[in-house]
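Coordinate inspection notes
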Amino acid sequence: MPEELKYSRKTSKILCCNLTRYLILILTLTCLTLLQMNSLTFNFTVICMSDIVDDYHRIQPNGTHWFEDSNMKSLVFSSMAIGGLLGLLIAMPLMHKVGVRLVLSICGFFSVVGTILFPLAVEFNFISVLAVRFLQGLGISMVFTVLGSVPIAWAPNNESSTFLAILSCAFQMSNVICMPIAGFLCESSLGWRSIYYLFGVVTTICFLIFYFFYTDSPKDHRNVSNKELNLILQDKTSTHKEPVPYLAICKDPCVLVTWLSNVGGNLGFLTLVLYGPTYLREVLHFEVQGTGFASALPFLLSAAVKSIAGQLSDRCDFVSERVRFTICGIVSRLGLAIGYIGMATTSSTLVAQIAFTFSIAVSGLNIMGTVKCLQLRCKQHVHFAVSAIALMAYVIQFGAPILVGIVCPDNTPEQWGWLFMIIGVIVFITSAPFPWFTTAVPADYTLPREKQMEIEKQKELEECC
């Protein structure tokens, strides 16, 4: 750390035993988890909201409530994806200018409003339901980007994989926490509406703490000691804000192959996230509360697998970075494809549940493969590369309900079998190029502009000779 920086920083008397970065990690994980939980509530409460139909028919006996129309319910699922997609397009360039703290706090505000107002919107009309789901989509729009950016700013190089693994556990922990709580409250006297109020209040509290405690750089945090700052910045090249080389990144074969791998991976993972409770309830015939726990178990296992993989990735320095993220990518994708094909080809409830659990458990390693690859390849521009993954995820979230509505209109085991077979094949095909075309070597566009110009001139001279 430069001496002038050491003496110009103002630090607090409370230095958190040189562990402030872990408080940032826990706080960020909590906020990302809550954003995901808020977006997941409808995925579960859809199986215990029949009271709104009963209330409607007391007033209009011959009418049809939107909840009885599978196409309209699909729109409710998809409206969140539209919010995430549009929010990402706006928030990504904004985050490059103003940082994670402000943008993620705004996302938290939208998520809170959408969650707390959902029960009221259900009583009002269908358009209101779409509107609050859209707000929840805005809330999760930056989750992928944040989990790729925070480790770069706050993690020492030898802890970056651990930070990434833990932050990405938000996808799993949101299910682990949301599903059992939702299952319990759905069958309690408090009812399904209490889920939205509870999550909304907790999200408000946590994001207020986040706004006042988080900083975009450890250099600006008063609770980070000079010793801890030196540890975080050790062996890191200083980067300045530069225009993002969008075209160069989009033409990079390594990035393109990684994006392609995520198309299949996200389709497989998000289908289980969106329709896991429906599959367990309608096809495997679990009770409501049992569905909550059965939905949560695979995500708990996934978080555990991912956390162990993150520790191993940081400590196995005798193996190259490329080998580490390639192994994670292969295990994640191959396991997901095998799980889907297993669900598609079995008539046994037990085997189907094991395949369901296995698919989700191994899919958690995806982040340790693809996002880690992008971190190493794109360096300071990783926020754009990861945002593109999020963009594709929201497109998939929008299209998945349409695909499910077409292939599984009656929720029969045969229809779900065909859907799972289609998705399993897509996952396998899109993931096949990943081990062969990726690299851990930083791209030329991550270098300072002057260095890039030198390389270009050298290439021109070599071509002339």
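The shown structure was predicted, so the numbers you read here are calculated from the model rather than taken from an experiment.

Next up on the list: the side chain of serine 105. Following the sequence through the fold, serine 105 ends up in helix α5 (residues 100-116). With a relative accessible area of 14%, serine 105 lands in the buried category. A polar atom in the side chain of serine 105 sits 2.7 Å from the backbone oxygen of arginine 101. For serine 105, the residues in contact, after removing those within four places along its chain, are Val100, Phe207, Phe210 and Tyr211.

A separate point is the nonpolar core. In terms of nonpolar packing, the biggest core is built from 121 residues, with Trp192 and Trp259 touching the most fellow members. Of the residues forming this core, the biggest block, 13 residues, is contributed by helix α19 (residues 382-407). Taken domain by domain, the makeup of this core includes at least three residues from each of domain 1 (17-52 + 65-235) and domain 2 (247-449). For tryptophan 192, the residues in contact, after removing those within four places along its chain, are Thr45, Cys48, Met49, Asp51, Ile52, Phe118, Pro119, Val122, Leu185 and Cys186. Listed in part, the six residues of the second largest apolar core include Val257, Phe325, Cys373 and Phe434.

As a working rule, side chains carrying opposite charge can pair if their charged atoms are close by. Tallied over the entire structure, the rule returns five salt bridges. The residue arginine 193 makes a salt bridge to aspartate 51 at a minimum N-O spacing of 3.0 Å. On the criterion of sequence distance, the pair formed by arginine 193 in helix α11 (residues 193-213) and aspartate 51 in helix α3 (residues 50-59) is long-range, its members being 142 residues apart. Take arginine 193: its relative accessible area is 21%, and that puts it in the partly exposed class. A relative accessible area of 24% means that aspartate 51 is categorised as partly exposed.

Counted by the stated rule, this structure contains 16 aromatic pairs. Taking the centre distance of 4.8 Å and the plane angle of 80° together, the rings of tyrosine 246 and phenylalanine 384 count as edge-to-face. Here tyrosine 246 is found in helix α13 (residues 246-251), whereas its partner phenylalanine 384 is found in helix α19, with 138 residues between them in sequence. Among the residues examined, tyrosine 246 registers a relative accessible area of 40% and is labelled partly exposed. Through a chain of ring-to-ring contacts, the aromatic side chains of Phe42, Phe77, Phe118, Trp192 and Tyr196 assemble into a single cluster.

With respect to the element layout, tyrosine 22 can be found in helix α2 (residues 20-45). Tyrosine 22 sits 141 residues away from phenylalanine 163 along the chain, and the two C-alpha atoms are 8.9 Å apart. Once residues within four sequence positions are removed from consideration, tyrosine 22 is found in contact with Glu159 and Phe163.

Moving on, we get to a nonpolar patch on the surface. Among the surface-exposed residues, Ile82, Leu86, Leu89, Ile90, Phe398, Ile402 and Ile406 lie close enough to one another that they form a single nonpolar patch of about 660 Å² accessible area. Contributing elements (two or more residues each) for the nonpolar patch: α4 (70-98) and α19. In terms of residue count, the dominant contributor to the nonpolar patch is α4 (four residues). Within the fold, leucine 89 resides in helix α4.

What follows deals with the domain arrangement of the protein. Domain annotation for the protein reports domain 1 (17-52 + 65-235) and domain 2 (247-449). When each unit is reduced to the centre of its C-alpha atoms, the spacing between domain 1 and domain 2 is 19 Å. Domain 1 puts 49 residues into the contact, and the matching count from domain 2 is 46 residues. Buried surface at the junction of domain 1 and domain 2, both sides included, amounts to about 4100 Å², of which 70% is carbon and sulfur. Between domain 1 and domain 2 we count zero salt bridges in total. Remark: the boundary between domain 1 and domain 2 carries five residue pairs in polar contact (both at pLDDT 80 or more). When residues of the side of domain 1 that touches domain 2 are traced back to their parent elements, those giving at least two are α2, α4, α8 (143-154), α9 (160-168) and α10 (170-187). Ranked by the residues each element gives to the side of domain 1 that touches domain 2, the list is headed by α4, at 13 residues. Here the side of domain 1 that touches domain 2 is built from residues that sort into 29 nonpolar, 18 polar and two charged.

Summed over all chains, the structure comprises one cavity of 30 Å³ or more. Roughly 320 Å³ of internal volume is contained in the largest cavity. Lining the largest cavity are 28 residues, and of these Phe144, Phe171, Asn266, Phe269 and Leu270 lie nearest its centre. Put simply, the parts of the chain that give the lining of the largest cavity at least two residues each are α2, α8, α10, α14 (253-283), α16 (321-345), α18 (366-378) and α19. The residue makeup of the lining of the largest cavity, split by class, is 14 nonpolar, 12 polar and two charged. The residue makeup of the lining of the largest cavity includes at least three contributed by each of domain 1 (17-52 + 65-235) and domain 2 (247-449).

Secondary-structure assignment places tyrosine 56 in helix α3. The spatial distance from the C-alpha of tyrosine 56 to the C-alpha of glycine 183 is 24 Å, given a sequence separation of 127 residues. The residues contacting tyrosine 56, other than those within four sequence positions of it, are Gly63, Thr64 and His65.

One covalent bond between the sulfur atoms of two cysteine residues makes up a disulfide. As enumerated under the stated definition, the model contains one disulfide in all. The side chain of cysteine 48 participates in a disulfide bridge whose partner is cysteine 186; the two sulfur atoms lie 2.1 Å from each other. Residue cysteine 48 is found in the loop between α2 and α3, and its partner cysteine 186 is found in helix α10; the two are separated by 138 residues along the sequence. Residue cysteine 206 stays outside any disulfide, its sulfur separated by 5.8 Å from that of cysteine 31, the closest cysteine. For cysteine 250, which is in no disulfide, the shortest distance to another cysteine sulfur is to cysteine 378 and amounts to 9.8 Å.

Procedures and definitions
Residues numbered from 1 in each chain as written. Predicted model: local features only at pLDDT ≥ 70, side-chain atom pairs only at ≥ 80, totals over all residues. Heavy atoms only, no water. Helix = DSSP H or I, 4+ residues; strand = E, 2+ residues; numbered from the N terminus. Buried < 20%, exposed > 50% of the residue type's maximum accessible area, 1.4 Å probe, protein only. Polar contact = N/O pair within 3.5 Å; in protein donor to acceptor, adjacent residues only side chain to side chain. Contact = heavy atoms within 4.5 Å. Core = buried A, V, L, I, M, F, W, Y, C linked by side-chain atoms within 4.5 Å. Domains from an automatic or database assignment. Salt bridge = Lys/Arg side-chain N within 4 Å of Asp/Glu carboxyl O. Phe/Tyr/Trp six-rings, centres within 6.5 Å; stacked < 30°, edge-to-face > 60°. Patch = residues over 30% accessible without salt bridge, like charges linked within 9 Å, V, L, I, M, F, W, Y side chains within 5 Å. Areas by Shrake-Rupley, 256 points an atom, 1.4 Å probe, with all protein chains shown as cover. Buried area = accessible area lost by both parts, 1.4 Å probe. Nonpolar A, V, L, I, M, F, W, Y, C, P; charged D, E, K, R; others polar. 1 Å grid on protein atoms, 1.4 Å probe; cavity = no way out; pocket = protein on both sides within 12 Å on 5 of 7 lines; lining within 4 Å. Points joined across faces, edges and corners; volume = space filled by probe spheres on them. Disulfide = S-S within 2.5 Å.

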